[in-house]
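Chains, contacts and geometry: an overview
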Amino acid sequence: MKRQAPSSPNPDSWIPPDPLGLTGAGFATACQSAPGTPRGLEAIAAYRRFHREGIVPPGTDPRLHAIGRREIEGETIKFTLELPGGLETESVLIPMRRRDGSTTRTLCVSSQVGCAMGCRFCETARMGLIRHLEASDIVAQWHAATHQVGHRPKNIVFMGMGEPTDNLDAVLPAIRILADHDGPSVAASNISVSTVGNPDGIRRLGRLASEPGFHRLNLAVSLNAPNDRIRARIMPVDRDWPMDDLMDAMRGWPGRPKSAICIEYVLIPGVNDAPEHCDEVCEYLRPLRCSLNVIPYNPRRNSPWPAPTESSVEAFLARAIANGQFTKRRGTKGRDVMAACGQLGNPDIRARRRVSDGTRVGLTRGSVALD
Ligand code: SF4
C-alpha cells in the first residue's frame with residue numbers, strides 16, 4: 001500500500017480519519033480537525049485517490065485488513081480478511097459473463113461474522129453470531145477485492161456471512177460509502193441487499209431507497225418456502241416474522257419497477273420442491289412485482305439434505321413459469337471451495353467461539369443449535 005508523506009507533524013492525541021468508514025463529504029469534514037490531513041477540495045481528491053488507486057491520504061489511518069485465506073475455483077475467488085481476535089470476514093468474487101463475451105465481477109460481502117438467524121440450510125448459521133462488522137469492515141472487502149485481489153467489482157451483493165438487516169447501523173453507511181461518486185462509485189442499481197425477511201429492516205432499507213440516488217437499490221428476500229409451516233421448519237425467524245407481515249413490508253418497498261424485488265428460493269429436496277409447493281409460492285407472490293430466483297441447494301457441511309437433481313430443478317422452474325411467475329435460475333459457482341450460497345463460514349472459528357472470551361456478541365432471535 002502506497003502512503004503519501006504527512007504535510008505537517010501530528011500532535012499526540014487525535015483519532016485519524018478513516019476513509020474506509022466515511023463518505024467523501026464526511027471525510028472532508030473529519031479532516032478539518034485532524035492534523036496533517038488535506039483540507040477541503042484536496043481532502044476530496046485524496047479520498048478519491050484512496051478508493052481509485054489505493055493511495056492512503058496523509059494523516060489518516062484506514063482500517064485495512066490483511067487477506068488471510070484465498071481459495072479459487074475456476075474464476076470464482078473466495079477470500080478472507082483477518083480481523084482482530086482471530087476472526088475473519090469472508091467474501092466471494094463471482095465472474096459474470098456478458099453477452100459481448102467480456103467478464104464483470106460481482107462481490108458478495110459479509111455484514112457480520114457468523115449470523116444469528118439460524119437458517120437450517122446455511123453453513124454460516126452454524127457459527128451463531130460472533131460479531132457485527134463495522135461500515136469500514138464492509139467497505140474494506142471492496143477495497144481488498146479491488147486493490148489486493150485485483151478485480152474491481154461491478155456489482156455488490158450483501159449475501160455473504162450475516163443478516164444485513166441485523167446490522168443496519170453499519171450496512172446503511174456502508175452502502176452510502178460504496179455508492180459515493182468520489183469513493184468506490186458503485187451505482188445503487190448495482191447493489192443488492194439480501195435479507196432473511198425482517199419486515200422492519202425492509203422498511204428501514206426502503207427509507208434509504210426513497211432517497212435521491214438510491215431509488216434503484218435492489219432488495220432480495222430469502223423466502224425458501226411456500227407457507228409458514230414449512231418456512232418455520234427451515235427458517236426459525238418465520239415464527240417472529242410470518243409471511244403475511246413479510247408481504248406487507250415487501251409491498252411497501254419503494255424501488256422502481258425495474259428494480260423489482262428478487263425472491264430467493266433455495267430448492268431443497270423433499271422439503272420445498274414439490275409441484276404443489278411451486279403452485280403455492282406462485283400464488284403467494286401474485287400481488288407482488290418480483291422475480292423468483294430458484295437456487296439449487298448447496299449442501300453445507302454435514303447436511304441432512306443432498307443437492308437437488310437437475311430434473312427436479314427444471315421441473316420446478318417450468319411449473320413456476322407456467323404459473324405466470326417471472327422466474328430465473330441462479331447458477332451455482334464455487335461449490336467446491338464452500339463459496340456458494342449458504343456455504344460461507346469457518347468451522348475453526350465456530351469451534352473456537354464456544355470458548356472465546358469477549359469477542360462473542362451473543363445469540364439473538366432466531367438462533368438455534370444445529371449440531
Ligand atoms: S441464510 Fe443468511 S440469514 Fe440465514 S443463517 Fe445464513 S447468513 Fe444468516
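The rules behind the values
Residues numbered from 1 in each chain as written. Predicted model: local features only at pLDDT ≥ 70, side-chain atom pairs only at ≥ 80, totals over all residues. Heavy atoms only, no water. Helix = DSSP H or I, 4+ residues; strand = E, 2+ residues; numbered from the N terminus. Buried < 20%, exposed > 50% of the residue type's maximum accessible area, 1.4 Å probe, protein only. Contact = heavy atoms within 4.5 Å. Areas by Shrake-Rupley, 256 points an atom, 1.4 Å probe, with all protein chains shown as cover. Phe/Tyr/Trp six-rings, centres within 6.5 Å; stacked < 30°, edge-to-face > 60°. pLDDT = per-residue confidence, 0-100. Pairing = 2+ DSSP bridges. Right-handed = clockwise from strand over helix to strand, strands pointing away. Disulfide = S-S within 2.5 Å.

Describing the overall build of the chain
Secondary structure summary: the chain contains 10 helices and 12 strands in total. Across the 371 residues of the chain, 56% fall into the buried class. In the chain, of all internal contacts separated by at least 6 residues, the share reaching a separation of at least 24 is 70%. Entry remark: accessible area of the chain is about 15600 Å², with carbon and sulfur atoms responsible for 49%.

What about the packing of aromatic side chains?
Taken as a whole and judged by the stated rule, the model has three aromatic pairs. The interplanar angle of 25° and the centroid separation of 5.1 Å between the aromatic rings of tyrosine 265 and phenylalanine 316 together place this pair among those described as stacked. Within this pair, whereas tyrosine 265 is found in strand β10 (residues 261-267), its partner phenylalanine 316 is found in helix α9 (residues 310-322), the two being separated by 51 residues in sequence. Neither residue differs from the other here; tyrosine 265 and phenylalanine 316 are each classed as buried. Arranged with centres 5.8 Å apart and planes meeting at 80°, the rings of tyrosine 297 and tryptophan 305 form a pair that is edge-to-face. Judged by its relative accessible area of 16%, tryptophan 305 is buried.

Description of the confidence of the model for the chain
In low-pLDDT segments, the atomic positions of the prediction should not be examined closely. A residue-level look at the chain finds 84% of positions with pLDDT of 70 or above and a mean pLDDT of 87. Within the model, the stretch residues 5-9 combines pLDDT values under 50 with eight contacts to residues more than four positions away or in other chains. Contacts from residues 352-371, a stretch scored under 50 in pLDDT, to residues over four places away or in other chains number 42 contacts.

Remarks on the pairing of β10
Across the seven residues of β10, seven count as buried, placing the element largely inside the fold. A two-sided burial pattern is seen for β10, the buried positions comprising Ile261, Ile263, Tyr265 and Leu267 on one face and Cys262, Glu264 and Val266 on the other. Of the pairings in the sheet, the one linking strand β9 (residues 218-222) to β10 comprises three bridges and is parallel in character. Looking at the pairing, alanine 220 lines up with cysteine 262 of β10. Summarising the sheet, β10 and strand β11 (residues 290-296) pair through seven bridges and their orientation is parallel. From the neighbouring strand, isoleucine 261 faces β11, where its bridge partner is cysteine 290. This β-α-β element, β10 to helix α8 (residues 275-285) to β11, shows right-handed connectivity.

Here's the deal with the state of the cysteines
Per the counting criterion, the structure on display carries zero disulfides. Cysteine cysteine 278 is unpaired, with the sulfur of cysteine 282 as its nearest cysteine sulfur at 4.3 Å. Among the residues examined, cysteine 278 registers a relative accessible area of 0% and is labelled buried. In this model cysteine 290 remains outside any disulfide bridge; the closest cysteine sulfur is found in cysteine 262, 8.8 Å from its own.

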